[in-house]
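# Observations on chain architecture
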Amino acid sequence: MSKKSKIIQEYIKDTTQSYRQVYEKLKNKIDITYNYTKRILSEYNKKQRQNAGQSLQNAEKTAVTKTQNDKNGTLHILKRKKRVLFVSDIHVPFHDATAVRKAFEYGLDEHVNTVVLGGDIMDNMAVSFWKNRNRIDFLTELELMRNFLNEVRGTFVNSNIYYVWGNHEQRHEKYLLSHADKLFGLEEISLENLLKLSEFRIRKIDNRDYMQQHRKPFQIGKLYYLHGHEIRASWGVVNIARNLYLKAQDNIIFGHFHQSQEFIQKDINGDVRGSWAVGCLCEMSPDYSIINNWNHGFAVIEYEDDGDFTVYNRKIINGKVV
Ligand SMILES: [Mn+2]
(Lines give C-alpha, C1' and ligand atoms only; values in the text may rest on other atoms or scores of the structure.)
Protein backbone atom coordinates (compact mmCIF):
# COMPACT_ATOMS: atom_id res chain seq x y z
CA MET A 1 0.00 0.00 0.00
CA SER A 2 1.36 3.42 -0.89
CA LYS A 3 2.04 5.99 1.78
CA LYS A 4 -0.58 8.31 0.30
CA SER A 5 -3.37 5.75 0.33
CA LYS A 6 -2.45 4.86 3.91
CA ILE A 7 -2.84 8.49 4.98
CA ILE A 8 -6.22 8.70 3.27
CA GLN A 9 -7.48 5.52 4.88
CA GLU A 10 -6.32 6.59 8.33
CA TYR A 11 -8.33 9.72 7.85
CA ILE A 12 -11.68 8.04 7.45
CA LYS A 13 -11.31 5.25 10.01
CA ASP A 14 -13.76 6.28 12.71
CA THR A 15 -16.03 8.70 10.92
CA THR A 16 -18.37 8.68 8.01
CA GLN A 17 -16.95 11.73 6.30
CA SER A 18 -17.67 12.00 2.62
CA TYR A 19 -14.96 11.33 0.05
CA ARG A 20 -15.17 14.97 -0.86
CA GLN A 21 -14.59 16.10 2.73
CA VAL A 22 -11.58 13.86 3.16
CA TYR A 23 -10.17 15.14 -0.09
CA GLU A 24 -10.71 18.79 0.90
CA LYS A 25 -8.94 18.24 4.20
CA LEU A 26 -5.98 16.39 2.75
CA LYS A 27 -5.34 18.06 -0.57
CA ASN A 28 -3.03 20.70 0.91
CA LYS A 29 -1.07 18.16 2.91
CA ILE A 30 -0.45 15.54 0.27
CA ASP A 31 -0.50 15.61 -3.50
CA ILE A 32 -3.76 13.87 -4.43
CA THR A 33 -6.70 14.21 -6.81
CA TYR A 34 -10.34 13.79 -5.83
CA ASN A 35 -10.69 10.69 -8.00
CA TYR A 36 -7.67 9.08 -6.40
CA THR A 37 -9.08 9.77 -2.92
CA LYS A 38 -12.42 8.34 -3.94
CA ARG A 39 -10.86 5.17 -5.36
CA ILE A 40 -8.76 4.52 -2.24
CA LEU A 41 -11.70 5.09 0.06
CA SER A 42 -14.16 2.93 -1.83
CA GLU A 43 -11.60 0.11 -1.93
CA TYR A 44 -11.15 0.55 1.80
CA ASN A 45 -14.92 0.42 2.40
CA LYS A 46 -15.21 -2.71 0.32
CA LYS A 47 -12.48 -4.39 2.32
CA GLN A 48 -14.09 -3.36 5.60
CA ARG A 49 -17.34 -4.91 4.39
CA GLN A 50 -15.63 -8.17 3.53
CA ASN A 51 -13.80 -8.27 6.88
CA ALA A 52 -17.00 -7.64 8.80
CA GLY A 53 -18.68 -10.42 6.85
CA GLN A 54 -15.80 -12.75 7.57
CA SER A 55 -15.76 -12.14 11.32
CA LEU A 56 -19.52 -12.54 11.54
CA GLN A 57 -19.37 -15.81 9.61
CA ASN A 58 -16.57 -17.01 11.87
CA ALA A 59 -18.60 -16.07 14.93
CA GLU A 60 -21.57 -18.04 13.62
CA LYS A 61 -19.35 -21.01 12.86
CA THR A 62 -18.05 -20.96 16.43
CA ALA A 63 -21.61 -20.80 17.73
CA VAL A 64 -22.59 -23.80 15.63
CA THR A 65 -19.57 -25.81 16.75
CA LYS A 66 -20.32 -24.97 20.37
CA THR A 67 -23.95 -25.94 19.88
CA GLN A 68 -22.99 -29.39 18.70
CA ASN A 69 -20.92 -29.85 21.85
CA ASP A 70 -23.47 -28.39 24.19
CA LYS A 71 -25.63 -31.02 25.84
CA ASN A 72 -28.12 -28.57 27.34
CA GLY A 73 -28.82 -27.05 23.98
CA THR A 74 -28.64 -23.55 25.44
CA LEU A 75 -26.49 -22.22 22.67
CA HIS A 76 -28.74 -23.80 20.12
CA ILE A 77 -31.63 -21.72 21.42
CA LEU A 78 -29.38 -18.69 21.54
CA LYS A 79 -28.58 -18.99 17.89
CA ARG A 80 -32.05 -19.81 16.68
CA LYS A 81 -33.89 -17.00 18.46
CA LYS A 82 -34.84 -13.96 16.50
CA ARG A 83 -32.97 -10.95 17.76
CA VAL A 84 -33.52 -7.41 16.61
CA LEU A 85 -31.31 -4.35 17.00
CA PHE A 86 -33.41 -1.18 17.02
CA VAL A 87 -31.52 2.06 16.42
CA SER A 88 -33.09 5.40 15.61
CA ASP A 89 -32.59 9.15 15.43
CA ILE A 90 -29.02 8.95 14.20
CA HIS A 91 -29.44 12.12 12.10
CA VAL A 92 -26.48 11.44 9.77
CA PRO A 93 -24.30 13.52 9.28
CA PHE A 94 -25.02 14.95 12.73
CA HIS A 95 -24.56 11.59 14.37
CA ASP A 96 -22.40 10.65 17.32
CA ALA A 97 -19.95 8.20 15.76
CA THR A 98 -18.90 6.73 19.11
CA ALA A 99 -22.48 6.12 20.23
CA VAL A 100 -23.33 4.51 16.89
CA ARG A 101 -20.31 2.25 17.15
CA LYS A 102 -21.27 1.21 20.70
CA ALA A 103 -24.77 0.30 19.56
CA PHE A 104 -23.47 -1.70 16.58
CA GLU A 105 -20.88 -3.53 18.68
CA TYR A 106 -23.58 -4.41 21.20
CA GLY A 107 -25.76 -5.72 18.38
CA LEU A 108 -22.92 -7.88 17.06
CA ASP A 109 -22.18 -9.22 20.55
CA GLU A 110 -25.85 -10.14 20.92
CA HIS A 111 -25.86 -11.90 17.54
CA VAL A 112 -28.80 -9.92 16.23
CA ASN A 113 -30.14 -11.22 12.93
CA THR A 114 -32.42 -8.29 12.16
CA VAL A 115 -31.76 -4.57 12.26
CA VAL A 116 -34.51 -1.97 12.38
CA LEU A 117 -33.42 1.56 11.51
CA GLY A 118 -36.15 3.42 13.34
CA GLY A 119 -36.27 6.67 11.40
CA ASP A 120 -34.55 10.06 11.41
CA ILE A 121 -31.49 8.14 10.37
CA MET A 122 -30.79 10.80 7.74
CA ASP A 123 -31.17 14.38 8.86
CA ASN A 124 -32.11 15.84 5.46
CA MET A 125 -31.11 19.29 6.62
CA ALA A 126 -30.53 20.45 3.05
CA VAL A 127 -34.21 20.05 2.17
CA SER A 128 -35.56 21.22 5.52
CA PHE A 129 -37.78 24.25 5.89
CA TRP A 130 -35.77 25.28 8.92
CA LYS A 131 -32.92 27.64 8.21
CA ASN A 132 -29.65 26.63 9.78
CA ARG A 133 -26.31 28.37 9.94
CA ASN A 134 -24.51 25.05 9.44
CA ARG A 135 -26.34 24.46 6.19
CA ILE A 136 -25.01 21.50 4.25
CA ASP A 137 -25.71 20.67 0.61
CA PHE A 138 -27.92 17.77 -0.38
CA LEU A 139 -25.32 15.91 -2.44
CA THR A 140 -22.92 15.82 0.48
CA GLU A 141 -25.65 14.63 2.81
CA LEU A 142 -26.60 11.94 0.35
CA GLU A 143 -23.04 10.72 -0.01
CA LEU A 144 -22.52 10.60 3.77
CA MET A 145 -25.75 8.72 4.18
CA ARG A 146 -24.79 6.17 1.54
CA ASN A 147 -21.47 5.69 3.31
CA PHE A 148 -23.39 5.13 6.50
CA LEU A 149 -25.76 2.57 4.96
CA ASN A 150 -22.76 0.84 3.46
CA GLU A 151 -21.34 0.60 6.97
CA VAL A 152 -24.62 -0.77 8.36
CA ARG A 153 -24.79 -3.46 5.68
CA GLY A 154 -21.06 -4.21 6.11
CA THR A 155 -21.50 -4.64 9.86
CA PHE A 156 -24.66 -6.75 9.71
CA VAL A 157 -23.87 -8.69 6.55
CA ASN A 158 -26.48 -11.42 6.86
CA SER A 159 -29.21 -9.54 8.73
CA ASN A 160 -32.59 -8.45 7.49
CA ILE A 161 -32.47 -4.68 7.57
CA TYR A 162 -35.62 -2.56 7.70
CA TYR A 163 -35.63 1.21 7.48
CA VAL A 164 -38.69 2.84 9.03
CA TRP A 165 -39.27 6.32 7.65
CA GLY A 166 -39.19 9.14 10.20
CA ASN A 167 -40.27 12.75 9.88
CA HIS A 168 -36.76 13.65 8.70
CA GLU A 169 -36.90 11.13 5.84
CA GLN A 170 -40.27 12.61 4.91
CA ARG A 171 -38.66 16.04 4.54
CA HIS A 172 -37.49 14.94 1.12
CA GLU A 173 -40.98 14.43 -0.27
CA LYS A 174 -42.28 17.54 1.48
CA TYR A 175 -39.58 19.49 -0.33
CA LEU A 176 -40.54 17.95 -3.66
CA LEU A 177 -44.22 18.64 -3.05
CA SER A 178 -43.63 22.30 -2.34
CA HIS A 179 -40.82 23.10 -4.80
CA ALA A 180 -41.21 20.61 -7.63
CA ASP A 181 -44.62 19.05 -7.17
CA LYS A 182 -44.82 18.02 -10.82
CA LEU A 183 -41.86 15.74 -10.24
CA PHE A 184 -43.44 14.17 -7.20
CA GLY A 185 -43.86 10.43 -7.54
CA LEU A 186 -40.95 10.09 -9.96
CA GLU A 187 -39.30 6.94 -8.69
CA GLU A 188 -35.81 7.94 -9.82
CA ILE A 189 -35.71 10.86 -7.42
CA SER A 190 -37.42 9.18 -4.47
CA LEU A 191 -35.25 9.14 -1.36
CA GLU A 192 -35.04 5.34 -1.25
CA ASN A 193 -33.72 5.35 -4.80
CA LEU A 194 -31.24 8.14 -4.21
CA LEU A 195 -30.01 6.25 -1.15
CA LYS A 196 -29.74 3.04 -3.22
CA LEU A 197 -31.59 1.07 -0.54
CA SER A 198 -32.09 -1.94 -2.81
CA GLU A 199 -28.35 -2.13 -3.46
CA PHE A 200 -27.78 -2.38 0.27
CA ARG A 201 -30.67 -4.86 0.56
CA ILE A 202 -32.45 -2.54 2.99
CA ARG A 203 -36.24 -2.54 2.99
CA LYS A 204 -38.02 0.78 3.34
CA ILE A 205 -41.04 0.87 5.63
CA ASP A 206 -43.17 3.98 5.50
CA ASN A 207 -45.84 3.31 8.11
CA ARG A 208 -48.32 5.45 6.15
CA ASP A 209 -48.11 3.07 3.17
CA TYR A 210 -47.74 0.02 5.40
CA MET A 211 -50.91 0.98 7.24
CA GLN A 212 -52.87 1.25 3.99
CA GLN A 213 -51.69 -2.14 2.85
CA HIS A 214 -51.88 -4.09 6.09
CA ARG A 215 -54.25 -1.96 8.18
CA LYS A 216 -51.59 -1.96 10.93
CA PRO A 217 -48.15 -0.46 11.29
CA PHE A 218 -44.99 -2.51 10.76
CA GLN A 219 -44.79 -5.36 13.23
CA ILE A 220 -42.31 -8.10 14.15
CA GLY A 221 -43.82 -10.75 16.41
CA LYS A 222 -46.12 -9.04 18.89
CA LEU A 223 -44.34 -5.69 18.81
CA TYR A 224 -45.09 -2.72 16.55
CA TYR A 225 -42.12 -0.69 15.27
CA LEU A 226 -42.75 3.02 14.78
CA HIS A 227 -40.62 6.09 14.38
CA GLY A 228 -42.86 7.86 16.89
CA HIS A 229 -44.24 10.77 14.86
CA GLU A 230 -47.06 8.58 13.52
CA ILE A 231 -48.92 9.11 16.78
CA ARG A 232 -49.77 12.72 17.44
CA ALA A 233 -48.32 13.65 20.82
CA SER A 234 -46.75 16.58 22.54
CA TRP A 235 -43.03 16.61 23.42
CA GLY A 236 -43.85 18.22 26.74
CA VAL A 237 -45.52 15.30 28.49
CA VAL A 238 -43.85 13.67 31.46
CA ASN A 239 -44.19 10.11 30.25
CA ILE A 240 -43.98 9.81 26.47
CA ALA A 241 -44.09 6.03 26.55
CA ARG A 242 -47.38 6.13 28.47
CA ASN A 243 -48.75 8.90 26.31
CA LEU A 244 -48.20 6.98 23.08
CA TYR A 245 -49.41 3.75 24.67
CA LEU A 246 -52.74 5.37 25.50
CA LYS A 247 -53.36 5.80 21.76
CA ALA A 248 -51.80 2.57 20.52
CA GLN A 249 -53.17 0.23 23.23
CA ASP A 250 -50.69 -2.41 22.15
CA ASN A 251 -46.97 -3.16 22.30
CA ILE A 252 -44.95 -0.40 20.62
CA ILE A 253 -41.33 0.62 20.33
CA PHE A 254 -40.26 3.95 18.88
CA GLY A 255 -37.64 6.72 18.83
CA HIS A 256 -38.31 10.33 17.79
CA PHE A 257 -38.25 11.75 21.32
CA HIS A 258 -34.55 11.02 21.91
CA GLN A 259 -35.30 9.67 25.38
CA SER A 260 -35.40 6.21 26.91
CA GLN A 261 -38.65 5.39 28.68
CA GLU A 262 -40.79 2.38 29.44
CA PHE A 263 -44.46 1.98 30.31
CA ILE A 264 -46.04 -1.35 31.21
CA GLN A 265 -49.74 -1.98 31.66
CA LYS A 266 -51.84 -4.93 32.70
CA ASP A 267 -55.46 -5.01 31.57
CA ILE A 268 -58.53 -6.51 33.26
CA ASN A 269 -57.83 -9.89 31.65
CA GLY A 270 -54.33 -9.96 33.06
CA ASP A 271 -52.73 -9.34 29.69
CA VAL A 272 -49.55 -7.29 29.96
CA ARG A 273 -48.43 -4.88 27.25
CA GLY A 274 -45.68 -2.31 27.03
CA SER A 275 -44.45 0.79 25.31
CA TRP A 276 -40.78 1.62 24.85
CA ALA A 277 -39.26 4.94 23.90
CA VAL A 278 -35.66 4.53 22.75
CA GLY A 279 -32.81 7.06 22.98
CA CYS A 280 -31.01 8.65 20.06
CA LEU A 281 -27.52 8.27 18.56
CA CYS A 282 -27.04 11.81 17.32
CA GLU A 283 -25.15 14.87 18.52
CA MET A 284 -26.46 15.82 21.94
CA SER A 285 -26.48 19.60 21.58
CA PRO A 286 -27.30 20.69 18.05
CA ASP A 287 -27.94 24.36 17.36
CA TYR A 288 -31.71 23.92 17.40
CA SER A 289 -31.73 22.29 20.83
CA ILE A 290 -28.62 23.07 22.83
CA ILE A 291 -30.16 22.18 26.17
CA ASN A 292 -32.46 19.19 26.30
CA ASN A 293 -33.15 15.99 28.19
CA TRP A 294 -32.06 13.57 25.49
CA ASN A 295 -30.02 10.47 26.07
CA HIS A 296 -28.10 8.14 23.81
CA GLY A 297 -29.61 4.70 23.50
CA PHE A 298 -30.79 1.78 21.39
CA ALA A 299 -32.65 -1.48 22.03
CA VAL A 300 -32.23 -5.18 21.49
CA ILE A 301 -35.40 -7.23 21.24
CA GLU A 302 -35.28 -10.96 21.76
CA TYR A 303 -38.13 -13.11 20.50
CA GLU A 304 -39.70 -16.39 21.49
CA ASP A 305 -41.09 -18.63 18.79
CA ASP A 306 -44.66 -17.48 19.53
CA GLY A 307 -43.84 -13.80 18.95
CA ASP A 308 -43.52 -12.95 22.65
CA PHE A 309 -40.47 -10.82 23.26
CA THR A 310 -38.14 -9.15 25.73
CA VAL A 311 -37.00 -5.57 25.19
CA TYR A 312 -33.55 -4.57 26.42
CA ASN A 313 -33.88 -0.78 26.27
CA ARG A 314 -30.22 0.23 26.58
CA LYS A 315 -28.86 3.64 27.49
CA ILE A 316 -25.36 4.89 26.76
CA ILE A 317 -24.24 6.93 29.74
CA ASN A 318 -20.69 8.26 30.18
CA GLY A 319 -19.62 6.04 27.33
CA LYS A 320 -21.04 2.92 28.99
CA VAL A 321 -23.91 0.79 27.79
CA VAL A 322 -26.29 0.35 30.73
MN1 LIG B 1 -38.16 12.27 14.62
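Look a little higher up for the structure.
Keep in mind that what you see is a predicted model, and the values were worked out from it rather than measured. (Residues numbered from 1 in each chain as written. Predicted model: local features only at pLDDT ≥ 70, side-chain atom pairs only at ≥ 80, totals over all residues.)

Look at helix α5 (residues 97–109): 18 Å from first C-alpha to last across 13 residues, which is about the 18 Å you get at 1.5 Å a residue. Taken as a whole, α5 has its buried residues at Ala99, Val100, Lys102, Ala103, Phe104 and Gly107. Structurally, α5 contributes buried residues whose contacts are with β1 (83–87), β2 (114–117), α6 (138–155), β10 (296–303), β11 (309–317) and β12 (320–321). Looking at the residues trailing α5, positive phi occurs at histidine 111, about 55°. (Helix = DSSP H or I, 4+ residues; strand = E, 2+ residues; numbered from the N terminus. Expected span 1.5 Å × (residues − 1). Buried ≥ 20, exposed ≤ 12 C-beta atoms within 10 Å, placed from the backbone. Contact = placed C-beta atoms within 7 Å.)

Along the chain, isoleucine 90 turns up in the loop between β1 and α5. When the 30 C-beta atoms within 10 Å are taken as the criterion, isoleucine 90 is described as buried. In contact with isoleucine 90, not counting residues within four places along its chain, are His95, Val100, Ile121, Leu281 and Cys282.

So, on to unusual backbone geometry. Cis geometry marks the peptide bond from valine 92 to proline 93; its omega dihedral reads 10°. Considering the arrangement of structural elements, one finds proline 93 in the loop between β1 and α5. Of note, aspartate 89 is a non-glycine position whose phi angle comes to about 50°, a positive value. Mapping aspartate 89 onto the fold places it in the loop between β1 and α5. You can call aspartate 89 buried: it has 29 C-beta atoms within 10 Å. The phi torsion at arginine 215 lies on the positive side, around 60°, for a residue other than glycine. Secondary-structure assignment places arginine 215 in the loop between α9 (207–214) and β5 (219–220). Among the residues examined, arginine 215 registers 7 C-beta atoms within 10 Å and is labelled exposed.

Take the pairing of strand β9 (residues 272–277) next. Two elements, strand β7 (residues 252–254) and β9, share 3 bridges in a ladder whose sense is parallel. From the neighbouring strand, phenylalanine 254 faces β9, where its bridge partner is alanine 277. Pairing between strand β8 (residues 261–266) and β9: 6 bridges, direction antiparallel. By the bridge assignment for β9, lysine 266 is matched with valine 272. (Pairing = 2+ DSSP bridges.)

With 52 residues, the main nonpolar core has Phe86, Ile253 and Leu281 as its most contacted residues. Sorting elements by how many residues they give to this core places α6 first, with 5 residues. Ignoring any residue separated from it by four or fewer positions in sequence, one finds phenylalanine 86 in contact with Val116, Gly118, Ile253, Val278, Phe298, Ala299 and Ile301. Ranked by size, the runner-up nonpolar core spans 6 residues in total, among them Ile8, Tyr19, Val22 and Leu41. (Core = buried A, V, L, I, M, F, W, Y, C linked by C-beta atoms within 7 Å.)

Burial analysis of β1 places 5 of its 5 residues in the buried class, the great majority of the element. Side chains of β1 alternate between two faces, with Arg83, Leu85 and Val87 and Val84 and Phe86 buried alike. The sheet contact formed by β1 and β10 spans 4 bridges and is antiparallel. Residue leucine 85 lies in a different strand from β10, and its bridge partner there is valine 300. Read from β1 through α5 to β2, the crossover connection turns out right-handed. (Right-handed = clockwise from strand over helix to strand, strands pointing away.)

This part is about the sheet that holds β12. What the 7 strands build is an open sheet, ordered β4-β3-β2-β1-β10-β11-β12; its pairing is mixed. Of all the strands in the sheet, the pair left with one neighbour each is β4 (202–205) and β12. Relative to β11, β10 runs antiparallel, the two being bridged by 8 bridges. Note that in β11 the partner of phenylalanine 298 across the bridge is arginine 314. Sheet strands in contact with α5 are β1, β2, β10, β11 and β12, and its direction is about 15° off that of β10. (Axes fitted to C-alpha atoms, helices over the stretch in contact; angles between N-to-C directions.)

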